[in-house]
Amino acid sequence: MRKSEPTPHHTVLQRTELQTQNGTAMNTRTHTALALALIAGATHAQTINSIQDGDWGNPATWQGGVVPGLVNTANLSHNITYSFETFNDDLEIGDLFIAVNADASLTSLDFADLEVFDTFVIGLNGFTGTLDLPDASLTANNVTIAASGPAIVTVGFGGINATGSNFPSFRSIVAGNSGFDAVINTDSSILSAGGMTFGPNATINYEAFFSAFNSPQIRTTNATPIDFLPGSSANLQFAGVDDQAIVGDIFNFARADGSTATGVPAIQPPIGYNLSPITTDPTRLDFEVTATPDTFNWINPGTGFWILDDNWDTPTNPFSNGGFIFVRNGGTAVLDGAGPGRTGPT
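Residues take numbers from 1 onward in each chain, read along the sequence in its written order. In keeping with the predicted nature of the model, local features appear solely for residues at pLDDT of at least 70, side-chain atom pairs appear and are counted solely at 80 or more, and the whole-chain, interface and lining totals rest on all residues. Hydrogens are left out, water is left out, and the side-chain values use all remaining heavy atoms of the structure.

**Some thoughts on the overall build of the protein**
When helices and strands are counted, the protein shows 1 helix and 35 strands. A separation threshold of at least 6 residues defines the contact pool for the protein, and within that pool the share at least 24 residues apart is 58%. With the model as given, the accessible surface of the protein reaches about 15,200 Å², and the carbon-plus-sulfur share is 53%. The secondary structure listing takes helices from DSSP runs of H or I that are at least 4 residues long and strands from runs of E that are at least 2 residues long, numbered from the N terminus. Contacts: residue pairs with any heavy atoms within 4.5 Å of one another. All accessibility values rest on the Shrake-Rupley procedure with a 1.4 Å probe; residue burial counts only the protein chains present in the view.

Structure below.
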């Protein structure tokens, strides 16, 4: 499945081979719903523990040589990787627990998403869990980040999604609410059909693109709340901002459809912008632009690295992707108007 709502965990996915007219085989799957007496929270048929670092699809990675699948719970205490080539599809697992008995990580080597059909927990028993999906998404019924140990979760396109249609009250996302640091790095949305709580130790590094018309969001549905507890923070320093943004524009950061968004996280605004929270609508958490980008003057009479603060007349630098470029003394660079390959006026 690609970028779609997860199949409920009581559904078993069967793979079949179909032959095309020219004899070329292609993988597909038929969805066969079994009348199993499983309810949300039920354990899966077998729990399988990792026993060494390695690829998810390698039997040597797992206890008993059994590669975990849809009907299994996987406990990770090692560093595991996977890719689309592993199963010619996304990675699909019943339940997943990362950092059970040791620091552990799960990394997608490409665009293959992670689809957990019930419970995803990372950071346990004081151990650090790392989920690295820079070009992929996480889908699960229930997501707990830093349950009883630190956790770092990085997701790309598709973000974090807990919006399954069945048993919506059981859907939830909880991060940083147990005394351990939970760091979420994302350039996409965080969505849940149940409640969402960002605790005192939760930090969201949000690298999404904001505009006054359409922005990736932190959002819940089905009249469930978003709670930002005191101490939670959102770092928007490296978020993209519409270069037409002006004072008075409104950016929607979080929305709780039909319910409430409580609390305000400590916001570090995008470089060059100031944002002020607007709380007049309890179902939204909006920010108003109160300052537009600064002007940065290059003061190095020779050449240097764009990203070094000392080359500019302000305590910081115009954010870019880095690179060695040439700018003459006295050149002016507006935040969103210059960068490698486009140096601005000189």
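**So, the sheet that holds strand E21 (residues 202-206)**
Any two strands are treated as partners once DSSP identifies two or more bridges connecting them. Pairing in this open sheet of 9 strands is parallel, and the strands run E4-E6-E9-E12-E15-E18-E21-E25-E29 from one edge to the other. The sheet is open, and its two borders are formed by strand E4 (54-55) and strand E29 (266-268), each paired with just one other strand.

**Details of unusual backbone geometry**
Positive phi, close to 55°, is recorded for Asn88, a residue that is not glycine. Position of Asn88 relative to the elements: it lies in the loop between helix H1 (84-87) and strand E7 (91-93). Looking at Asn88, the relative accessible area reads 37%, which means it is partly exposed. Of note in the backbone geometry, Ala146 takes a positive phi value of approximately 70° without being a glycine. Within the fold, Ala146 resides in the loop between strand E14 (142-145) and strand E15 (151-155). Classification of Ala146 as buried rests on a relative accessible area of 2%. Summary of the burial criterion: residues with accessible area below 20% of their type's maximum are buried, those above 50% are exposed, and those between are partly exposed, where the area comes from a 1.4 Å probe applied to protein chains only.

**Points about the packing of aromatic side chains**
Under the pairing criterion, centres of Phe, Tyr and Trp rings, with the six-membered ring standing for Trp, must be within 6.5 Å; the plane angle then separates stacked pairs below 30 degrees from edge-to-face pairs above 60, leaving the rest tilted. For the structure on display, the rule yields 8 aromatic pairs. With centroids separated by 5.3 Å and ring planes inclined at 10°, the aromatic side chains of Phe198 and Phe228 adopt a geometry described as stacked. Pair noted here: Phe198 is in strand E20 (residues 195-198) and Phe228 is in strand E24 (residues 226-228), with a separation of 30 residues, a long-range link. Comparing Phe198 with Phe228 shows no difference in burial state: the two are buried. Taken together through their ring pairs, the aromatic side chains of Phe198, Tyr206, Phe210, Phe228, Phe251, Phe253 and Phe287 make up a single cluster.

**Examining the side chain of Asn142**
With respect to the helices, strands and loops of the structure, Asn142 is situated in strand E14. Exposure remark for Asn142: the relative accessible area of 17% places this residue in the buried category. Two N or O atoms count as a polar contact when they lie within 3.5 Å, although within protein this holds only if one can serve as hydrogen donor and the other as acceptor, and sequence-adjacent residues are included solely when both atoms are side-chain atoms. A polar contact of 3.4 Å, which involves the side chain of Asn142, links it to the side chain of Ser172.

**Focus: the environment of Val174**
Examined against the element boundaries, Val174 turns out to sit in strand E17 (residues 172-175). Residues Val174 and Gly199, spaced 25 residues apart in sequence, show a C-alpha to C-alpha distance of 7.6 Å. For Val174, the contacting residues outside a window of four places in its chain are Val143, Thr144, Ile145 and Thr197.

**Considering the pairing of strand E12 (residues 129-133)**
What you see with E12 is a clean split: Gly129, Leu131 and Leu133 sit on the buried side and Thr130 and Asp132 on the side with no burial. Across 4 bridges, the pairing between strand E9 (residues 104-108) and E12 is parallel. Bridge pairing links Thr107 to Asp132 in E12.

**With respect to the pattern of salt bridges**
Each reported salt bridge corresponds to a side-chain nitrogen of Lys or Arg within 4 Å of a carboxyl oxygen of Asp or Glu. Considering all chains together, one arrives at 3 salt bridges under this definition. For Asp257, the salt bridge identified is with Arg219, shortest N-O distance 3.3 Å. Taken together, the residues Asp257 in the loop between strand E27 (250-256) and strand E28 (261-262) and Arg219 in strand E23 (residues 218-220) connect sequence positions 38 residues apart. Owing to a relative accessible area of 25%, Asp257 belongs among the partly exposed residues under this scheme. Measuring nitrogen to oxygen at the nearest pair gives 2.7 Å for the salt bridge that ties Arg255 to Asp257. Connected via shared salt-bridge partners are Arg219, Arg255 and Asp257.

**Quick look at the nonpolar core**
Core analysis: the largest hydrophobic core is formed by 62 residues, its most contacted members being Trp56, Leu96, Leu106, Leu114, Phe120, Ile218 and Phe253. Among the elements that line this core, the one with the most residues is E27, at 4 residues. Not counting residues up to four positions away in its chain, the partners in contact with Leu114 are Tyr82, Leu91, Ile93, Leu96, Leu106, Phe120, Leu131, Leu133, Ser137, Leu138 and Thr139. By nonpolar core we mean a set of buried residues, namely Ala, Val, Leu, Ile, Met, Phe, Trp, Tyr and Cys, connected to one another through side-chain atoms within 4.5 Å.

**Looking at the pairing of E20**
Pairing between E17 and E20: 4 bridges, direction parallel. When the bridges of E20 are listed, Ala175 appears paired with Phe198.

**Considering the environment of Leu236**
Positionally, Leu236 belongs in the loop between strand E25 (233-235) and strand E26 (240-241). Overall, Leu236 belongs to the buried group, its relative accessible area being 2%. Placed 32 residues apart in sequence, Leu236 and Ile204 show a C-alpha to C-alpha distance of 8.3 Å.

**Overview of the confidence of the model for the protein**
A residue's pLDDT is simply how confident the predictor is in it, with values from 0 to 100. Residue-level pLDDT values for the protein average 77, and 73% of them are 70 or greater. In the predicted structure, residues 1-43 sits below a pLDDT of 50 and forms 80 contacts with residues beyond four places in sequence or in another chain. Taken together, the stretch residues 320-346 has pLDDT below 50 and engages in 64 contacts with residues farther than four places along the chain or on a different chain.

**Notes on the sheet that holds E7**
The 9 strands are arranged E7-E10-E13-E16-E19-E23-E27-E31-E30 in an open sheet whose pairing can be described as mixed. Two strands close off the open sheet at either side, each with one partner strand: E7 and strand E30 (274-278). Pairing of E7 with strand E10 (residues 114-116) involves 3 bridges; the strand directions are parallel. Bridge assignment links Ile93 to a residue of E10, and that residue is Val116.

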